[in-house]
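# Chain and residue survey
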Amino acid sequence: MPNKEMLLIPGPTPVVDEIYEALAQETYSHTDPRLVKRFKNSLDMTKRLFNTDGEVFVVAGSGTLSMEMAIVNTVAPGEKILVISHGYFGDRFIPLAQAHGIQVEVLQSQWGKHVEISAVEEKLAEGGFKAVTVTHADTSTGVMSNLEELVPAVKKYGPLFILDGVCASAAIEENMQKEYGHPDYRIDLVLTGSQKAIGVPPGLAIVAFGPKALKAREAMDKVAAYYMDILRWLPTMQDPGKYYATHPVNMIYAYEKGMELVMAEGLEARYKRHAALGKAVRAGLAQYGMRALAPEEIAAPTLSCILYPEGVNDAEFRSKLAEKGMVIAGSLANLAGKAFRIGHMGNATEEMFIKAMELVGETLNEMGLRADPAKAVETFKNVYHEGLGK
Ligand SMILES: *Cc1c(COP(=O)(O)O)cnc(C)c1O
């Protein structure tokens, strides 16, 4: 089932034929040994993706469910968390945690910027925080968090480090056994969804609990959740033949295939490819006078939030592109109408972005601006190949 459109939004991302074919296979029983084998293989690859010595959970749901599973299983009502927010998805942890009676303090950056490390340390020095949430790549702003700075700054005060990887996992390193300057300074939990940098259709919530996050769950004797309770899921994640709730059988086929593609490419190669692609897309679009909201040093490899040059109407621009088969996203909150968002992650290809550069140029020309698509394509290719080192 070849794609008819280029879905270049910050997720879902383009699904390749092999994954569609996996998805379309015969639905087995959710406890069939053949499904069990494939599920186990998927879970093993998930553990390798995050290099975790803890447990991983793959359940039907979207990224938001994985956010909620992370919080509900580590923080009890009445306890306090610190939300470090670089945009809309960082902010999502606020009402989500409050819905569970958790106290929330927030450090919000200006959109397109980082929260200052000194502010993080000052806040944590007050004490009493059970966990800190960090969004790896905020999908509203295209800002990537700096784990090298944040992990040690948080962990030296002791809270759990919870990382939202929904727009990052499988594109930017998230190594849960990596020691950030001290054996205890590690990422404790990563949560993600299937439909962004992993490149599988939407439908799976994926959460990796490191040893300290698991201990936090065990220390709470019960949580106010049933479907979200990881201790109820644990037996079926250790042996997917054990029934707890029906596995999303066909999505597991698709996920297994998606993760096989990730592993076949290799994590290092995949991280390098995304870093190069992000830079190249922004450099190409800059030829049209389109500037990214986030400065290049903190811009995400997976998606960009691009400010319109003077005189470009957002709705018109995006609908003209959609007619040509290229789908991008509008912007959120106070950037709505002023910027668009383009995803460059998962299994999207170089050819797609060459085409994208051409279509953006053509569209700008139709809208009466002067654009030079050949130059944008050339810049894109040069920066991409330079980033890949070939
Ligand atoms: C998309 C996204 C989410 C929400 O995921 P859904 O699958 O839409 O529920 C959460 N966090 C980040 C960083 C995202 O990009």
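Residues numbered from 1 in each chain as written. Predicted model: local features only at pLDDT ≥ 70, side-chain atom pairs only at ≥ 80, totals over all residues. Heavy atoms only, no water.

By the naming in an unreviewed UniProt entry, the protein goes by Serine-pyruvate aminotransferase and is assigned to Desulfitobacterium hafniense. On record in UniProt, under Sequence similarities (unreviewed entry), the comment for the protein is "Belongs to the class-V pyridoxal-phosphate-dependent aminotransferase family." Heading Cofactor (unreviewed entry) of the UniProt record for the protein holds this comment: "pyridoxal 5'-phosphate". (UniProt positions renumbered as here; feature names shortened; annotations may be inferred.)

## Describing the sheet that holds strand 8 (residues 160-164)
The mixed open sheet is built from seven strands, whose spatial order is 2-10-9-8-5-3-4. Edge positions in the open sheet fall to strand 2 (55-60) and strand 4 (103-108), since each of these has one partner strand only. In this sheet, adjacent strand axes meet at a mean angle of 20° when their direction is disregarded. Relative to strand 10 (residues 204-209), strand 9 (residues 189-193) runs antiparallel, the two being bridged by five bridges. Across the sheet, residue Leu-191 finds its bridge partner in strand 10, namely Val-207. Along the sheet, helix 6 (residues 117-125) contacts strand 3 (80-85), strand 4 and strand 5 (129-135); its crossing angle with strand 4, the most-contacted strand, is approximately 160°. (Pairing = 2+ DSSP bridges. Helix = DSSP H or I, 4+ residues; strand = E, 2+ residues; numbered from the N terminus. Axes fitted to C-alpha atoms, helices over the stretch in contact; angles between N-to-C directions. Contact = heavy atoms within 4.5 Å.)

## Re unusual backbone geometry
One can expect most non-glycine residues to show negative phi and most peptide bonds to be in trans. Cis geometry marks the peptide bond from Gly-11 to Pro-12, where omega comes out at 0°. Turning to its location among the elements, Pro-12 is positioned in the loop between strand 1 (6-7) and helix 1 (17-23). Of note, Asn-51 is a non-glycine position whose phi angle comes to about 45°, a positive value. As for its placement among the helices and strands, Asn-51 is situated in the loop between helix 2 (33-50) and strand 2. The backbone of Ala-170 sits at a positive phi, close to 80°, despite the residue not being glycine. Tracing the chain through its elements places Ala-170 in the loop between strand 8 and strand 9. Accessibility expressed as a relative area gives 1% for Ala-170, which makes it buried. (Buried < 20%, exposed > 50% of the residue type's maximum accessible area, 1.4 Å probe, protein only.)

## Description of the pairing of strand 10
Along strand 10, six of the six residues are buried, which leaves the element largely enclosed by surrounding structure. Side chains Leu-204, Ile-206 and Ala-208 project from strand 10 onto one buried face, and the interleaved Ala-205, Val-207 and Phe-209 project onto a second face that is buried too.

## Brief notes about the site of the ligand
Neighbouring residues of the ligand: 14 residues in total, closest Ser-62, Thr-64, Thr-139, Asp-164 and Lys-196. Between the ligand and the protein, one listed contact pairs an oxygen atom with a side-chain N or O atom of Thr-64 at 2.5 Å. Here a nitrogen atom of the ligand and a side-chain polar atom of Asp-164 are 2.7 Å apart. Summarising the interface, the protein chains cover 89% of the accessible area of the ligand, which totals 380 Å² for the free molecule. (Near = heavy atom within 4 Å. Polar contact = N/O pair within 3.5 Å; in protein donor to acceptor, adjacent residues only side chain to side chain. Areas by Shrake-Rupley, 256 points an atom, 1.4 Å probe, with all protein chains shown as cover.)

## Considerations on the nonpolar core
In terms of nonpolar packing, the biggest core is built from 90 residues, with Met-69, Ile-81, Ile-84, Phe-161 and Leu-191 touching the most fellow members. In terms of residues, this core owes the most to one element, helix 10 (residues 249-265), which gives nine residues. Counting residues in hydrophobic clusters, the runner-up holds 35 residues, among them Leu-321, Ile-328, Leu-359 and Tyr-384. (Core = buried A, V, L, I, M, F, W, Y, C linked by side-chain atoms within 4.5 Å.)

## Some details on the pattern of salt bridges
Taken as a whole, this structure holds 22 salt bridges when the rule is applied. Here Glu-256 ties to Arg-38 by a salt bridge, and the two come within 2.8 Å at their closest N and O atoms. With Glu-256 in helix 10 and Arg-38 in helix 2, this pair connects stretches of sequence that are 218 residues apart. The exposure class assigned to Glu-256 is buried, which follows from its relative accessible area of 9%. A cluster of three or more residues bridged by salt bridges with shared partners is formed by Lys-80, Glu-105, Lys-123 and Glu-126. (Salt bridge = Lys/Arg side-chain N within 4 Å of Asp/Glu carboxyl O.)

## Brief notes about the UniProt feature "domain: Aminotransferase class V" (unreviewed entry) in the protein
Here, UniProt's "domain: Aminotransferase class V" (unreviewed entry) annotation points to residues 22-328. Annotation note: span residues 22-328, helix share 40%, strand share 18%, distance between end C-alpha atoms 26 Å.

## Observations regarding the environment of Met-357
On the secondary structure map, Met-357 appears in helix 13 (residues 350-366). The exposure class of Met-357 is buried, given its relative accessible area of 1%. Spatially, the C-alpha atoms of Met-357 and Leu-261 are 26 Å apart, while their sequence positions differ by 96 residues. Excluding its chain neighbours within four sequence positions, the residues that come into contact with Met-357 are Val-281, Gly-284, Leu-285, Tyr-288, Ala-376, Val-377 and Phe-380.

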